[in-house]
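Here is how the chains run, residue by residue.
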Amino acid sequence: MHMVRSDIKEFIKSIPSDVTIVAASKYVGAHDVETLLENGINNIGENRVDSFLHKYEELKDKGVIWHFIGHLQRNKANKVIDKIDYLESLDSLELAKYINSHRLSPLKCFVEVSINLEENKNGVPYFEAKSFIQELKQYPNIQVVGLMMMAIRSSDDESLDNQFEKLRLLRDEIEKELDIKLPYLSMGMSEDYKEAIKEGATHVRLGRILFDLYKED
């Protein structure tokens, strides 16, 4: 059985207080999520619809702020869009249009940006991000609050710094040119969150490092 790391309180103190830890809970069940909640981590990220629905039911009254951080297919979107607080992976106008028609109130969304144009990854190519966000203005139920990215696995520190900086500069440029505010940058995971924070991450999506399985990796 997976367990939340025993020094979780100390670990949380090591993260700057203005950075939000989004706990990626795909490795653990509702019981371990409750332990995180008891220790002050209440932003929980799920990346599979069925797993999200299961935990959502079990943790209904616990004050969880739910982030959907995986790729959301339009045919499954109706199951989650009125239950989540944030969608961190908005990457198509079709999905935006669907959410806009079916969601009861504006949904806070991060636009997932493909900074590295990796073929096997989702996300709006970075050079289309500005026009994509411009298009989203027509959907009142989509509230864009920031950008999200995934770095290339096993990048060295300098490469990570460059990738994360690229997202931050892109955000600054979009804010200026479209005259909007995008306060959040969701970037950095268990293996690269320190570099992401250094480059301006406001949200880090941490999975294994919160649990006692990090050492096995």
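Residues numbered from 1 in each chain as written. Predicted model: local features only at pLDDT ≥ 70, side-chain atom pairs only at ≥ 80, totals over all residues. Heavy atoms only, no water.

### Regarding the overall build of the chain
Rule in force here: Put simply, DSSP marks the helices as runs of H or I at least four residues long and the strands as runs of E at least two long, and each gets a number from the N terminus on. Taken over C-alpha atoms, the radius of gyration is set against a globule rule of 2.2 Å times the number of residues to the power 0.38. Categorising residues by exposure relies on relative accessible area from a 1.4 Å probe, with only protein chains included: less than 20% of the type maximum marks a residue as buried, more than 50% marks it as exposed, and the intermediate range marks it as partly exposed. Here a residue-residue contact requires only that any non-hydrogen atoms of the pair lie within 4.5 Å. Here the open area of atoms and residues is found with the Shrake-Rupley method and a 1.4 Å probe, where only the protein chains shown may cover a residue. Neither His nor the chain ends contribute to the count of charged residues, in which Lys and Arg are positive and Asp and Glu negative. Where a charge lies is defined by one atom per residue type, namely NZ (Lys), CZ (Arg), CG (Asp) and CD (Glu).
A count of helices and strands for the chain gives eight helices and nine strands. At 17 Å, the chain has a C-alpha radius of gyration in line with the 17 Å of a compact globule built from 217 residues. Referenced to the eigenvectors of the C-alpha coordinate spread, the extents of the chain come out at roughly 45 × 40 × 30 Å. In the chain, buried positions account for 51% of the 217 residues. A separation of at least 24 residues holds for 54% of the contacts in the chain among residues at least 6 apart in sequence. When the accessible area of the chain is evaluated, it comes to approximately 10,900 Å², of which 45% is carbon and sulfur surface. Averaging the locations of the 29 positively and 38 negatively charged side chains of the chain gives two centres separated by 3 Å.

### Observations concerning helix H3 (residues 49-58)
The condition that has to hold: Summarising the geometry, the arc corresponds to the directions from the helix axis toward the C-beta atoms.
Residues of H3 that are buried include every one of Val49, Ser51, Phe52, Lys55 and Tyr56, and no others. All buried residues of H3 project into a common sector of 160° when viewed along the axis, lining one side. Looking at the packing, one finds that the buried side of H3 touches helix H2 (30-38), strand S2 (43-46), strand S3 (65-68) and helix H4 (74-80).

### Some thoughts on the layout of surface pockets
Where empty space is left can be seen by rolling a probe of water-molecule size over the atoms. Operational definition: A pocket here means an open set of points on a 1 Å grid, computed over the protein atoms alone, that has protein on both sides within 12 Å along at least five of seven lines. A cavity is instead a set of points where a 1.4 Å probe fits but cannot get out; residues with an atom within 4 Å of a point line either one. Grid points are joined across faces, edges and corners, and a volume is the space filled by probe spheres set on the points. Note on residue categories: nonpolar means Ala, Val, Leu, Ile, Met, Phe, Trp, Tyr, Cys or Pro, charged means Asp, Glu, Lys or Arg, and polar means any other residue, Gly included.
Considered as a void within the structure, the largest pocket measures approximately 580 Å³ in volume. Around the largest pocket, the lining is made up of 29 residues, and of these Lys26, Asn47, Met150, Met189 and Arg205 lie nearest the centre. Of the residues contributing to the lining of the largest pocket, the split by class is 10 nonpolar, 11 polar and eight charged.

### What to know about unusual backbone geometry
A negative phi holds for most residues other than glycine; trans holds for most peptide bonds. The phi torsion at Leu117 lies on the positive side, around 55°, for a residue other than glycine. Judged by relative accessible area, Leu117 falls into the partly exposed class, the value being 42%. Positive phi is not limited to glycine here, since Asp179 has a value of about 55°. Looking at the secondary structure, you find Asp179 in the loop between helix H7 (157-178) and strand S8 (184-186).

### A closer look at H2
What H2 keeps buried is the set Ala30, Asp32, Val33, Leu36 and Leu37. Viewed along the axis of H2, the buried residues span an arc of 160°, placing them on a single side of the element. Those residues of H2 that are exposed and angled more than 90 degrees off the buried face are His31 and Glu38. Close packing links the buried residues of H2 with helix H1 (8-13), strand S1 (20-24), S2 and H3. Within two residues after H2, Gly40 carries a phi angle of roughly 95°, on the positive side.

Structural measurements only, silent on function.
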